[in-house]
Amino acid sequence: MKLKKNIGSILLFLLPTLAGLFLFKLYPIFSALVQSLYTTQFFTGEKSFVGLQNYQSLFVDPVFWNSLKVTLVFNLIINPLQIVLAFALAMLLNTKIKRIAFFRGIHFVPVAVSVPTACVLWNIMLSPEQGVVNSILVALGLDPQPFLGSSTQALGSIIAIASWKGVGYWALFLLAGLQEIPGSLLEASSLDGASRWKQFIHVILPLMKRPLTFIVVAVTTANFLLFSPMYILTKGGPENSTNVLMLESFNNAFLYSDMGRSYAIMVILLLITLTVVALQFKWLRTSH
Amino acid sequence: MISKQPAKRFAAWCAPMLAATVLFTGCSQGAGTSADSLSSNGQGSSTPSAATEISFEAYSNYEKPLTKVVEAFEQQNPNIKVKMNLVPIDQLTETIEIKLSSKAKDLDVMFVDTPLVMNYSVKGYLEPLDSLIPADAKAKWTKSAVETVSYKDELMAAPMNSSSQVLYYNKDIFKKKGIPFPDADKRMTWEEVRDLAKQLTSDNVYGFSFEQVDKAYQLLALSDSLGAKMLSDDGLMSSGYSNSPEAVKAFQFYADLFNKDKVSPKIKKEESIDYFTSGKVAMFVSTNQNMPKIRDSGLNFGVTLHPYFAGQKVATPTGAWNVGISKYSEHKEASAKFIEFLTLGEGAKILFEEGGTLPPQIDLLNSIDTDPKYKQLPDNVIRIAAKESRETAVSRPKTPGYLEWEKNMNKAFEDMKNGADPQKALDDAVNVIDNQLKKYKGVAAN
């Protein structure tokens, strides 16, 4: 009854959020769909309708296919890696030892650093010429590595940097979930003789389903749309080995002045992300 | 329903409304212009007392001389304010592209790289200057400078400076190794430079480095020396040109400096000048306008001519920054005034003297030839550059798709530095470039 009476003011309070959601999330998606069917004319700057031509030109372009491949490989590695690491970190941070608050503070430091700052920092540290990482490798008697300068190591380096930056953040949500698990449950299971591993599989994991679902979806979307490390560190190189779809879209829009094509890439990326997220929702619901 | 709400409740939902309003006005202001905010203050743009603010998108390396130019300009024109937005080179073309493709009005004057004049003209970014600046202006710049900023017989930008490259060397490193200094008037071959670089390379010191590592502007001097042409005559085909045998040979030399001869550090352009001024690099091919920086670093340095391949053509890089007015600018008159000051008036002199840049203005070029100041090191750098730009300079390829060509070539150069095979890197690049150039079919190069 009370809710019904207040529905007007509730809506009004939600208005800024709803307006923001529409303006900054739904409208751009709709606009991208429409714009991907147009191309911009030279000289006049007028837009003309070309139907699916932008998509057609993408499907015959090897650069686009390579970029799609890189995006998928990147996500296949980074998403499970970040989720497992974040979970492990959350478990560690949840242990009841002295000064745990100190460790919880430390793990949060990379999160507090902005992505561009983190990229610039790591770029210096991974520099093949005088980076500290190579100095350490050499001091240990190993060969110096090119890292971001090599087509076989660049994507891995970016995965490492992005995970260094991201894992602590995701662990925070999982830590909150872990703290919700009643201690009595764990106590009871250990009295029943459950090993730590069994406890984890049968008690902790089922209770963590909700935060895990959130993390899985959030990590996936964040990484599919990850752009700044590639833009700042490699610009898609060496030899297009880090040229993800987001970067290819950016290049089409602002280097090749082909907005329609750029929008088409965004629409494809959106569809891929939606599909993956939909599958994840399905799996997480049926399992356990 | 709202009218039935008590006053208290009214106040309660006012807050989010206010927040929303702030949000929206905040947005519209971001895309708006300084003129909007001026007129909303009750000061119409027609009121003479209101100062016009023009926004100037500039390359950050020019901060020092341009600040002086702007100061002098504002003193003479108290009703015009110039707001400089300094952007590093890698972001400059992107910033301009993003702003102009969205028809932003908060950009009035901008740096225009010579090969991009055509690209920007084709996209309709530039306001033709013929009616905005005096008719006799064209006669005050060198003919070649005027040609490079014209498209379809219209002046699209004003030439601000030109550039050339010289070979700087660190005298202390040469002395330490007991190697005689290069002759100031004798042009070395690239082969000699490489062999010398090998002798000069030791722990913590590299024998040689380009200033513009991985950048077409500088590396074209290698392929130009071997006579390689980068694009077809209509500027729409790179396959068979940018990856021709001569081009591959020229850039193999570049790749070898890093990977086979190991005389050059694998660094980025931004780091290169610091490597030279801090004594980590013995020989450094760099633009004339870096002389003030090198001089001020206190380095004991010498200068000689730009190298060439033995038995081949002498080719030196050239290219320049010009300034143009955005088609979407709402302050074209004020912008033109500033451009005139910067490229023809007192500003041109300030830029030349403070920045050590090569001027495209005929009277300033003449002063370099006659003023005895330019006979002695370090100021002789500018006289060498002026001579090279007249006699040996080769301009960059002419195409409406220069942006696409350059960005992909730069990527290929970077890959070669990191060990990629030049033939493969260039083959990959031309595939992408030709695909991108297709859209300019029907847009003539001349």
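Rules used in this analysis
- Residues numbered from 1 in each chain as written.
- Chains lettered and ligands numbered in written order.
- Predicted model: local features only at pLDDT ≥ 70, side-chain atom pairs only at ≥ 80, totals over all residues.
- Heavy atoms only, no water.
- UniProt positions renumbered as here; feature names shortened; annotations may be inferred.
- Helix = DSSP H or I, 4+ residues; strand = E, 2+ residues; numbered from the N terminus.
- Buried < 20%, exposed > 50% of the residue type's maximum accessible area, 1.4 Å probe, protein only.
- Contact = heavy atoms within 4.5 Å.
- Areas by Shrake-Rupley, 256 points an atom, 1.4 Å probe, with all protein chains shown as cover.
- Core = buried A, V, L, I, M, F, W, Y, C linked by side-chain atoms within 4.5 Å.
- Domains from an automatic or database assignment.
- Expected span 1.5 Å × (residues − 1).
- Buried area = accessible area lost by both parts, 1.4 Å probe.
- Salt bridge = Lys/Arg side-chain N within 4 Å of Asp/Glu carboxyl O.
- Polar contact = N/O pair within 3.5 Å; in protein donor to acceptor, adjacent residues only side chain to side chain.
- pLDDT = per-residue confidence, 0-100.
- Phe/Tyr/Trp six-rings, centres within 6.5 Å; stacked < 30°, edge-to-face > 60°.
- 1 Å grid on protein atoms, 1.4 Å probe; cavity = no way out; pocket = protein on both sides within 12 Å on 5 of 7 lines; lining within 4 Å.
- Points joined across faces, edges and corners; volume = space filled by probe spheres on them.

Chain B is annotated in an unreviewed UniProt entry as Family 1 extracellular solute-binding protein of Paenibacillus terrae. Chain B has a UniProt comment under Sequence similarities (unreviewed entry) that states "Belongs to the bacterial solute-binding protein 1 family."

Taking an unreviewed UniProt entry as the reference, chain A is identified by name as Binding-protein-dependent transport systems inner membrane component belonging to Paenibacillus terrae. The UniProt entry for chain A carries this comment under Sequence similarities (unreviewed entry): "Belongs to the binding-protein-dependent transport system permease family." According to its UniProt record, chain A has this under Subcellular location (unreviewed entry): "Cell membrane".

Caption draft 1: Just the overall build of chain B, in detail. The number of helices and strands found in chain B is 18 helices and 13 strands. Residue burial in chain B is summarised as follows: out of 446 residues, 56% are buried. A separation threshold of at least 6 residues defines the contact pool for chain B, and within that pool the share at least 24 residues apart is 77%. Carbon and sulfur atoms provide 52% of the accessible area of chain B, an area that totals close to 18800 Å².

Caption draft 2: Molecular detail of the UniProt feature "domain: ABC transmembrane type-1" (unreviewed entry) in chain A. With numbering matched to this structure, UniProt assigns "domain: ABC transmembrane type-1" (unreviewed entry) to residues 68-280 of chain A. As annotated, residues 68-280 of chain A comprises 76% helix and 0% strand, and the C-alpha atoms at either end are separated by 20 Å.

Caption draft 3: Quick look at the environment of B:L236. Residues and elements named next belong to chain B. When you line up the elements, L236 lands in the loop between α9 (216-225) and α10 (245-259). The exposure class assigned to L236 is buried, which follows from its relative accessible area of 10%. Taking C-alpha positions, L236 is 9.7 Å from N435, a pair spaced 199 residues apart along the chain.

Caption draft 4: Just unusual backbone geometry, in detail. Looking along the chain, the bond that leaves A:G237 and enters A:P238 is cis, with omega of -20°. Turning to its location among the elements, A:P238 is positioned in the loop between α11 (228-234) and α12 (245-254). The omega angle of the peptide bond from B:L377 to B:P378 is 5°, so this bond is cis rather than trans. Position of B:P378 among the secondary structure elements: in the loop between α15 (362-370) and α16 (380-391). Phi is positive for A:F147, close to 50°, though the residue is something other than glycine. Checked against the element boundaries, A:F147 lands in the loop between α6 (132-139) and α7 (154-180). Overall, A:F147 belongs to the buried group, its relative accessible area being 14%. Although it is not a glycine, B:N204 sits at a positive phi angle of roughly 70°. With respect to the helices and strands, the residue B:N204 is situated in the loop between α8 (190-200) and β8 (206-210). Taking the relative accessible area as the measure of exposure, B:N204 reaches 66% and is therefore exposed.

Caption draft 5: Layout of the nonpolar core. Formed by 122 residues in total, the largest nonpolar core has its most connected members in B:F56, B:F111, B:Y168, B:F208, B:F251, B:M283 and B:F338. Broken down by element, this core gets its largest block of residues, nine residues, from α10(B). Each of domain 1 (52-162 + 320-360) and domain 2 (165-318 + 396-440) of chain B contributes no fewer than three residues to this core. Non-local contacts of B:F251, meaning those with residues more than four positions away in its chain, are made with B:L219, B:S223, B:M230, B:M409, B:F413, B:M416, B:P422 and B:L426. With 37 residues, the next largest nonpolar core counts A:F74, A:F224, A:L226 and A:A264 among its residues.

Caption draft 6: Summary view of α16(B). An ideal rise of 1.5 Å per residue puts 16 Å on 12 residues; α16(B) measures up with 17 Å between its terminal C-alpha atoms. Those residues of α16(B) not exposed but buried are B:N380, B:V381, B:I382, B:I384, B:A385, B:A386 and B:E388.

Caption draft 7: Representation of the interface of chain A and chain B within the structure. Tallying the contact residues gives 34 residues for chain A and 43 residues for chain B. Across the interface of chain A and chain B, roughly 3400 Å² is buried in total on both sides, 60% from carbon and sulfur atoms. For the pair chain A and chain B, the interface holds one salt bridge. If you look at where chain A meets chain B, you find seven residue pairs in polar contact (both at pLDDT 80 or more).

Caption draft 8: Local environment of the side chain of B:T287. Tracing the backbone through its elements, the reader meets B:T287 in strand β9 (residues 281-287). Non-local contacts of B:T287, meaning those with residues more than four positions away in its chain, are made with B:S164, B:Q165, B:Y168, B:E211 and B:Y217.

Caption draft 9: Structural view of the confidence of the model for chain B. All names here are of chain B. Looking at chain B as a whole, its pLDDT mean stands at 88, while 88% of the residues score no less than 70. Contacts of residues 1-8 to residues separated by more than four positions or lying in other chains number two contacts, the stretch itself having pLDDT below 50. Across residues 13-48, where pLDDT falls below 50, the model places 24 contacts with residues more than four positions away in sequence or in other chains. This prediction of the complex comes with two scores: 0.85 for pTM and 0.83 for ipTM.

Caption draft 10: Structural view of the UniProt feature "transmembrane region" (unreviewed entry) in chain A. Residues and elements named next belong to chain A. With numbering matched to this structure, UniProt assigns "transmembrane region" (unreviewed entry) to residues 72-93, 105-125, 154-176, 212-233 and 263-284. Between the C-alpha atoms that bound residues 105-125 the distance is 23 Å, and the span itself is 90% helix and 0% strand. As annotated, residues 154-176 comprises 100% helix and 0% strand, and the C-alpha atoms at either end are separated by 34 Å.

Caption draft 11: Region of interest: the packing of aromatic side chains. Across all of its chains, the model carries 44 aromatic pairs over all chains by this definition. Pairing A:F64 with A:W65 gives two aromatic rings, centres 5.6 Å apart and planes at 70°, and the pair type is edge-to-face. With a relative accessible area of 41%, A:W65 lands in the partly exposed category. Three or more aromatic residues link up through ring pairs in this structure, and these residues are B:W190, B:F208, B:F210, B:F251, B:F253, B:Y254, B:F258, B:F309 and B:F413.

Caption draft 12: Structural detail: the layout of surface pockets. The calculated volume of the second largest pocket comes to roughly 1000 Å³. Around the second largest pocket, the lining comprises 29 residues; the ones closest to its centre are A:F24, A:K25, A:P28, A:I29 and A:M266. Contributions of two or more residues to the lining of the second largest pocket are made by α1 (2-35), α10 (209-224), α12 and α13 (259-286) of chain A together with α1 (7-31) of chain B. In terms of residue count, α13(A) provides more of the lining of the second largest pocket than any other element does, 10 residues in total.

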